[in-house]
Amino acid sequence: MSVTEALVTRNVTYSAEVLSRGGLAAKGTQKVAVVACMDSRLDVFAALGLTPGEAHVIRNAGGLVTEDTIRSLAISQRLMGTEEIILIHHTGCGMLSFTDDELCSALEAETGARPAWAPGSFTDLADSVRQSIARIKASPFIPRTDAVRGFVLNLATGRLEEVDTVEA
């Protein structure tokens, strides 16, 4: 059985749980959107004590605030009523292990085309969180930017460490 088939089979249990709760709310009941890394070690719901239906979770490589993240946050706030934004980066992130030029050059060597997008690698977790917060606050499409906070999740301890928005 493929991994996909096994996961689809597990969905039967999940479906029964959702049905027993009467479905899931479309709008996050906590009125918060979380931007986090896609790393499989990061369980956003468990780390924040959330259950399905309480928050919008936007994930990508590095938990970066990209143009598509801005699009999702604008929809989350303007159409779904979220009011706060939490950013979560984490220790041991793969985005710390390469440079944009290294990846783009490798892709170009393999495919003959250089990507039009920037991978977004970084060397400092806290600075990357600060840059993402700045992108959110600078966007004209996100109306509520007074409650934006950024954190680094320590994967060894499970503890969130808040990032100061002013570099020390």
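Residues numbered from 1 in each chain as written. Predicted model: local features only at pLDDT ≥ 70, side-chain atom pairs only at ≥ 80, totals over all residues. Heavy atoms only, no water.

1. Details of the nonpolar core
- Counting residues in hydrophobic clusters, the biggest one holds 32 residues, and the most contacted among them are Leu42, Leu73, Ile85, Leu87, Ile88 and Ile136.
- Looking at this core, the elements that each hand over two or more residues are strand 1 (32-37), strand 2 (55-60), helix 3 (67-78), strand 3 (84-90), helix 5 (125-138) and strand 4 (148-153).
- Ranked by residues supplied to this core, first place goes to strand 1 with six residues. (Core = buried A, V, L, I, M, F, W, Y, C linked by side-chain atoms within 4.5 Å. Buried < 20%, exposed > 50% of the residue type's maximum accessible area, 1.4 Å probe, protein only. Helix = DSSP H or I, 4+ residues; strand = E, 2+ residues; numbered from the N terminus.)

2. Brief notes about the pairing of strand 1
- Here strand 1 lies mainly inside the structure; six of its six residues are buried.
- Bridging between strand 1 and strand 2 involves six bridges; their strand directions are parallel. Of the residues in strand 2, the one forming a bridge with alanine 33 is histidine 56.
- Relative to strand 3, strand 1 runs parallel, the two sharing five bridges. (Pairing = 2+ DSSP bridges.)

3. Some remarks on the pattern of salt bridges
- The full count for this structure, using the stated rule, is six salt bridges.
- Glutamate 83 is paired through a salt bridge with lysine 31; the nearest N and O atoms lie 3.9 Å apart. Placement of glutamate 83 in the loop between helix 3 and strand 3 and of lysine 31 in the loop between helix 1 (3-20) and strand 1 is noted, with a sequence separation of 52 residues between them.
- Ionic pairing is found between arginine 114 and aspartate 101, a salt bridge with its closest N-O pair at 2.7 Å. Pair noted here: arginine 114 is in the loop between helix 4 (100-111) and helix 5 and aspartate 101 is in helix 4, with a separation of 13 residues, a long-range link.
- Here arginine 114 falls in the partly exposed class, since its relative accessible area comes to 38%. (Salt bridge = Lys/Arg side-chain N within 4 Å of Asp/Glu carboxyl O.)

4. With respect to the sheet that holds strand 1
- In spatial order, the strands read 2-1-3-4-5; together these five strands make up an open sheet with mixed pairing. In the strand order of this sheet, the two ends are held by strand 2 and strand 5 (160-162), each with one partner. The average angle at which neighbouring strand axes cross in this sheet is 25°, direction not considered.
- In the packing of helix 3 onto the sheet, the strands contacted are strand 1, strand 2 and strand 3, and the crossing angle to strand 2 comes to about 175°. (Axes fitted to C-alpha atoms, helices over the stretch in contact; angles between N-to-C directions. Contact = heavy atoms within 4.5 Å.)

5. Digging into helix 3
- Counted at 1.5 Å a residue, the expected span for helix 3 with its 12 residues is 16 Å, and the 16 Å between its end C-alpha atoms agrees.
- If you check which residues of helix 3 are buried, you get Thr69, Ile70, Ser72, Leu73, Ala74, Ser76 and Gln77.
- Where helix 3 is buried, its residues touch strand 1, strand 2, strand 3 and helix 5. (Expected span 1.5 Å × (residues − 1).)

6. A short note on the environment of threonine 123
- Relative to the elements of secondary structure, threonine 123 occurs in the loop between helix 4 and helix 5.
- Expressed as a C-alpha distance, the spacing of threonine 123 and methionine 95, which sit 28 residues apart in the sequence, is 8.0 Å.

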